[in-house]
Number of protein chains: 2
Amino acid sequence: MSFANEHPNLILTKDGVEKIRANLGNVPLFDESLAAIKQEVDAEIAAGIFTPIPKDFSGGYTHDRHKLNFFVAQKAAMLYQILEDDKYAKYVRDMLFQYEAMYQDLPLHPQERSYARGKIFWQCLNDSNWLVYMAQAYDAIYYYLTENERDALEDNLFRPFADFISLENPKFYNRVHNHSTWGIAAVGMIGLVMNDEELIQRALYGIEDDGLEIGGKDNDGGTIKVEGQRKGFYANLEEPFSPDGYYTEGPYYQRYAMYPFLILALAIENARPELKVLQHKDNVLLKGVNALMNLSDADGEFFAINDAQKGMSYHKESLVTAVNVAYHYGNKNPKLLSIVQKQGKVLLDESGLSAAMAIRDGKAKPFTKKSINLSDGKDGDEGGIGILRYGNEALTLVFKYAAQGLSHGHYDKLSYSLHEKGDEVLQDYGLARFVNIEQKGGGNYLKENTTWAKTTIAHNTLSQDQTKHFNGNYDIASQHHSELYFFDDSNENVQVVSATESNAYPGTTMHRTMALIKDEHFEKAFMLDIMKVSSASEHQYDFPFYFLGQVLDMNFQYESPKSLHPLGEANGYQHLYVEGKGKPSNNSTQFSWLNKGKYYTLSTVTQNSDELLFTRIGANDPEFNLRREAAIMIRRNDADTTFVSVVEPHGSYSPVSELSSNPKSNIATVELVLDTQAYTAVNITDLAGNTQLFILANDDASGAAKHEVKINGENYSFTGPYFYQ
Amino acid sequence: MSFANEHPNLILTKDGVEKIRANLGNVPLFDESLAAIKQEVDAEIAAGIFTPIPKDFSGGYTHDRHKLNFFVAQKAAMLYQILEDDKYAKYVRDMLFQYEAMYQDLPLHPQERSYARGKIFWQCLNDSNWLVYMAQAYDAIYYYLTENERDALEDNLFRPFADFISLENPKFYNRVHNHSTWGIAAVGMIGLVMNDEELIQRALYGIEDDGLEIGGKDNDGGTIKVEGQRKGFYANLEEPFSPDGYYTEGPYYQRYAMYPFLILALAIENARPELKVLQHKDNVLLKGVNALMNLSDADGEFFAINDAQKGMSYHKESLVTAVNVAYHYGNKNPKLLSIVQKQGKVLLDESGLSAAMAIRDGKAKPFTKKSINLSDGKDGDEGGIGILRYGNEALTLVFKYAAQGLSHGHYDKLSYSLHEKGDEVLQDYGLARFVNIEQKGGGNYLKENTTWAKTTIAHNTLSQDQTKHFNGNYDIASQHHSELYFFDDSNENVQVVSATESNAYPGTTMHRTMALIKDEHFEKAFMLDIMKVSSASEHQYDFPFYFLGQVLDMNFQYESPKSLHPLGEANGYQHLYVEGKGKPSNNSTQFSWLNKGKYYTLSTVTQNSDELLFTRIGANDPEFNLRREAAIMIRRNDADTTFVSVVEPHGSYSPVSELSSNPKSNIATVELVLDTQAYTAVNITDLAGNTQLFILANDDASGAAKHEVKINGENYSFTGPYFYQ
């Protein structure tokens, strides 16, 4: 055996504890974190230990109580190590023995919804959460227990628990999926504490013969087993993470999957440093932390790519772990310290101490987020997420040209969201779920997640013939991804990302180019959006803008129905009411709105035959599961066509001063002045009569390629894929 | 002449300026305020002086430019006095002469919407704003100007300006109305600077013979002249302010009307101290500041009583004046200083210096808002506003049983809003207007203000037969007010306000009693609402709850329509879509929702024949002028009936921790256990089986009255109007 048989050695180590004890009282952020946890744990100890018979879904009493138990036990065990007060070890021991007494006789959890039911919780996933934390607790009080006590816990609780979530639930355990990462971390961590080589190997490499058939779906519609499926820690580390550290399900789930990855990696690092897991795949785990930080808005809230509950941010407890570990075990990046400062607390381990000491010593630097292109896919060649940022997040564009994103993926190729500082301007709806709120479907995914949130029409991208991309077929969607055309953030004033998608609608190719442009003639940076669609046959194209805020005005006429009817029957359309229907009165259709004290205007090139629709989410939603939010949508029947739009933030309004500054668009017209197979050119004329010209080379993204284009009698020559002047 | 002919002597005084100069650099908040204003004014001086030909509505360029001019000129003039730098005086002089050159030839403003059009702005109201500020500017640079310059300004600008807004616009000037207060202040202040006795008398006592006919309406539907109408400063001070300092139009307009009152009073105080205007009507002006502070939520935002734009707060510039003046000229209340601290700036005059010095010297005390009952009406006998607060604003109830509130009043007798800290839980909709946003109807009142915001059904009160209180007739409504039954905040754990209304629907009497109760069996304080309705004949009663947030669940069945239709044809009903229609399945109907991370449950006593409606605002709103917000509504056909409801805040939810605490109601049943002419009794049974009994004596509110009531065979005896146990 290569690792030292001593305890604690999982997250806390003997060395780490000694350092912590030596520095107590001298590291403000660490001391505050310790005091806060001590207060919380002391209150729980005073309240007593409760291990009710499992009964409820998430949000219900028994679920929440058991969840609180493992959080508190882990914290109490840390306190035992740091403060050397036996009352904390006794509390953990007593709690563990209450579980030991009940576990062997526990049937499957009575709630039957999960494809992999747990015993303490309604799904194995939560049981695995429990073991990840309890393994840490056990490790920290290991030597407080007698050998008999340890044997009893291991034989009657931990080993059967680990076997249950793995051998007895291979459909949960033996996948590449965020669920599996928790299972693997749980088995691996308790294996390391128990020094049980079989469990350790099962964590690293999965179950060899799982007896699962190919196919079969989980509750989210994800396929449980595909041909040639890999499994275990290495597979889960290698496959869903791209070389840039992007996790294919999106940041909401990356945040969830990172914790077990990091905590297990850390445990292995402590116990078996020779495996160098933290350095595996070119430091992908530490890169993942950096990617995740970059997948957040100016307030630290994660972008709602795929299934994602809005409001989740890097203030989450598990992100404290991620950032502390990335700082301490990475290259001590001082910019991470400013995030630790915003989090306002640290882990009670060596990495937390390290971060807190560095902050005390004035080493923190601002974490300034820049534009970044994050590849998707195991090898980084399955599309990606392009994030353009202007002016310290004054304007941020999140452009999705990624792979499907496993079972939490949405059908929205080439979609985007737009953000001004911490406020979403054009939204990605996120998921349809109230996580852990029992009254809402047990806190689980609601059926509207499938019928609305995952659909194409729920997103800021092109819908064809009222269908979903890939017809909403998960297996087909999982075989494809969009292709990056180019990403260029070399000039802060004109940043461009461009990608193509040719599989979402067979026979139709979409090429979308999005730019953030700061022009001297404009108060703020604006977004330019060129969606070039090519198809052999005519289709109905719907092109929505999910604006948030209050409608101000527009330059077209529309009719308002007396009664509201759904826009369609299926594919998400059944959830949209039509609040207005109009026709362009101008080739530059304009629409403006106000959101959180800021003005926005959409200027978009329209044709006389276009229809303009005002829609509102909420039809066929009898349980009020959806937010009543709006969109403006262009409907066009055509084969080849190009949608060109500018979204222009401007001015501000305060309900306190009641001053309205710069409330109107600066754009007179937007024109598509050239649109051939080779080139697309857009002219933006502002109110002062200045013209801004953007030319895109459609066929050659090479930075060295030279282009000559004639537009309205003028010759333009440029090098590289675009021209702006 | 009793006042000293020296300058400045209006807001700044010679003594005040000397004190300020002597303390420069030693009073942090004053120095910061000065630096901020200097920066702003210097930037404006650098940009140049612009006095465009008047053209736009509020929100448009010429409006905003002229508005900025008077703000900046006043500030520049203060800087001239304090810093003794001639460039500030020169700037003000040059600007005034640009106005002098244009004023005599200016026609009426080209926008014709106002009942009293201005010259520089579209309404006399804004012209008066201009003169209030410019009078201060003129006073401060008086001795910088030559006598010839002063003569030119007075003859060609100030005197004709003052005559225009008064003599030429008596319908604007000669009323008791917030518009008039600005006109009066403008005329009075320029009169004081010019030492023009005629103008001063016109300000104090109005225009004797105004030639106005009885009747005639302004743009808001207010009557311009009623029989025996008083006018001038004293009338406007005496009539709309109650002895408690409540301004009858509500806090949004009180905030607006306070400034000219205070600034004129201050100017008179400086020039003619013997008039003791600040002490007039038992210090009503200083009481008004205190009332206004109390009419705000935990974030300092004013309650949306009557016409009110949400978000307006005591951070408004004019409230800085109000609080500074109230502090300095009042009894130096140290609690006001904590509001000055929150405002973060002070006036550049003696009162601002005084407040800033007191803060520097550590004198500030928290402004802890308590429950307060504010009478309405000149003599305090026309109803009022009862505000109940529990636990440092953890829960706040704003109960309206006031008079009509002049032309900005809404038809909502016995309505309320409920607030948890700074978040509105059950809302008052406020106004339908985007103040100063030109795109939205020139920034003026929208027609939906009349068709929706002012209606009865837009409020949390009783609507009968789909009509408005007083049938929406302003003249009739103006003759009536509700009557206080009692207000008792002596026990913080059971606070009660109760009032009656017998004129809103002739033949029907409403008696509403609302309580905030903190019971040991409940996590948080809850609201109890008893609305006892008595009528000789049967009516359709609608009883809505305008909750804000997301629907969670309910204990009744309802049908959801496939298409949304308006609930009615008129009186606001045409703006409500029906999103669901159901029947109680229980005598205790329950409905819960989630708002800003906090849970709420409504438990209300229902009858089998009741109808339960889910409504959403937005029907017949083709210009998207209304917010798409929801209500749950009880519809009952009856003659005498009592609506009994509990609104129970509980628990919390965080999208970061995803922890859901205490998400369910603690109430098993709410029962109306007795309801006679003399007594109404409500029993609340919680989940643990504890019963909470509330008994109300309907006929005798005397604190000394003794009552004996038999309920379900038990005898209860109590003294005073209610019993709770």
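The shown structure was predicted, so the numbers you read here are calculated from the model rather than taken from an experiment. (Residues numbered from 1 in each chain as written. Chains lettered and ligands numbered in written order. Predicted model: local features only at pLDDT ≥ 70, side-chain atom pairs only at ≥ 80, totals over all residues. Heavy atoms only, no water.)

(A) Inspection of the relation of the copies chain A and chain B at higher detail. Once chain A is rotated about the relating axis by 180° and shifted along it by 0.1 Å, it coincides with chain B to within an RMSD of 0.1 Å. On the angle and the small slide along the axis, the relation comes out as a two-fold axis. For chain A, the minimum C-alpha distance to the rotation axis belongs to Leu564 of chain A and amounts to 2.4 Å. Interface overlap between copies is the fraction of interface residues in one copy that are interface residues in the other; for chain A against chain B it reaches 100%, indicating a shared surface. (Least-squares fit on C-alpha atoms with pLDDT ≥ 70 in both. Contact = heavy atoms within 4.5 Å.)

(B) A look at unusual backbone geometry. Of the consecutive residues His7 of chain A and Pro8 of chain A, the connecting peptide bond is found in the cis state with omega at -5°. Tracing the backbone through its elements, the reader meets Pro8 of chain A in the segment before α1 (14–23). (Helix = DSSP H or I, 4+ residues; strand = E, 2+ residues; numbered from the N terminus.)

(C) Main features of helix α5 (residues 124–140) of chain B. The terminal C-alpha atoms of α5 of chain B lie 24 Å apart, and with 17 residues this matches the ideal 24 Å at 1.5 Å per residue to within 8%. By the criterion of burial, α5 of chain B is predominantly enclosed, with 17 of the 17 residues buried. (Expected span 1.5 Å × (residues − 1). Buried < 20%, exposed > 50% of the residue type's maximum accessible area, 1.4 Å probe, protein only.)

(D) Focus on the sheet that holds strand β15 (residues 557–559) of chain A. Residues and elements named next belong to chain A. Here six strands make up an open sheet; going across it, the order is β8-β13-β20-β19-β16-β15 and the pairing antiparallel. The open sheet has two free edges, formed respectively by β8 (463–464) and β15, since each of these has just one partner strand. Direction of pairing for β15 relative to strand β16 (residues 576–583): antiparallel, over a ladder of three bridges. From the neighbouring strand, Glu559 faces β16, where its bridge partner is Lys581. (Pairing = 2+ DSSP bridges.)

(E) Main features of the packing of aromatic side chains. Residue and element names in this part refer to chain A. This model, assessed by the stated rule, comprises 86 aromatic pairs over all chains. On the numbers, 5.2 Å between centres and 85° between planes, the contact of Phe57 with Trp122 is edge-to-face. Pair noted here: Phe57 is in the loop between α2 (28–47) and α3 (61–83) and Trp122 is in the loop between α4 (86–103) and α5 (124–140), with a separation of 65 residues, a long-range link. Judged by relative accessible area, Phe57 falls into the buried class, the value being 11%. (Phe/Tyr/Trp six-rings, centres within 6.5 Å; stacked < 30°, edge-to-face > 60°.)

(F) Representation of the packing of helix α6 (residues 147–165) of chain B against helix α9 (residues 197–205) of chain B. Residue and element names in this part refer to chain B. Two numbers describe how α6 lies on α9: the axes approach to 12 Å, and their chain directions differ by 25°. Here α6 is positioned roughly parallel relative to α9, judged by the angle of their axes. Along this stretch, α6 crosses α9, giving a crossing that reads as left-handed. Residues Arg159, Ala162 and Asp163 of α6 form the contact with α9, whose participating residues are Glu198, Leu199 and Arg202. (Axes fitted to C-alpha atoms, helices over the stretch in contact; angles between N-to-C directions. Parallel < 35°, antiparallel > 145°, perpendicular 65-115°, else oblique. Left-handed = near helix turned anticlockwise from the far one by under 90°.)

(G) Representation of the interface of chain A and chain B within the structure. Taken together, the contacts link 55 residues of chain A with 55 residues of chain B. Taken together, the two surfaces of chain A and chain B that pack against each other cover about 4500 Å², and 50% of this comes from carbon and sulfur. Inspection of the region where chain A meets chain B yields four salt bridges. Note that Lys664 of chain A and Glu438 of chain B form a salt bridge whose closest N and O atoms lie 3.3 Å from each other. Where chain A packs against chain B, one counts 29 residue pairs in polar contact (both at pLDDT 80 or more). Counting only elements with at least two residues in the side of chain A that touches chain B, the list comes to α3, α11 (251–271), β14 (550–554), β16, β17 (588–595) and β19 (611–617) of chain A. For the side of chain A that touches chain B, the element with the highest residue contribution is β14 of chain A, accounting for four residues. Classifying every residue of the side of chain A that touches chain B by side-chain character gives 23 nonpolar, 16 polar and 16 charged. (Buried area = accessible area lost by both parts, 1.4 Å probe. Salt bridge = Lys/Arg side-chain N within 4 Å of Asp/Glu carboxyl O. Polar contact = N/O pair within 3.5 Å; in protein donor to acceptor, adjacent residues only side chain to side chain. Nonpolar A, V, L, I, M, F, W, Y, C, P; charged D, E, K, R; others polar.)

The quantities given are spatial measurements derived from coordinates; they are silent on function.
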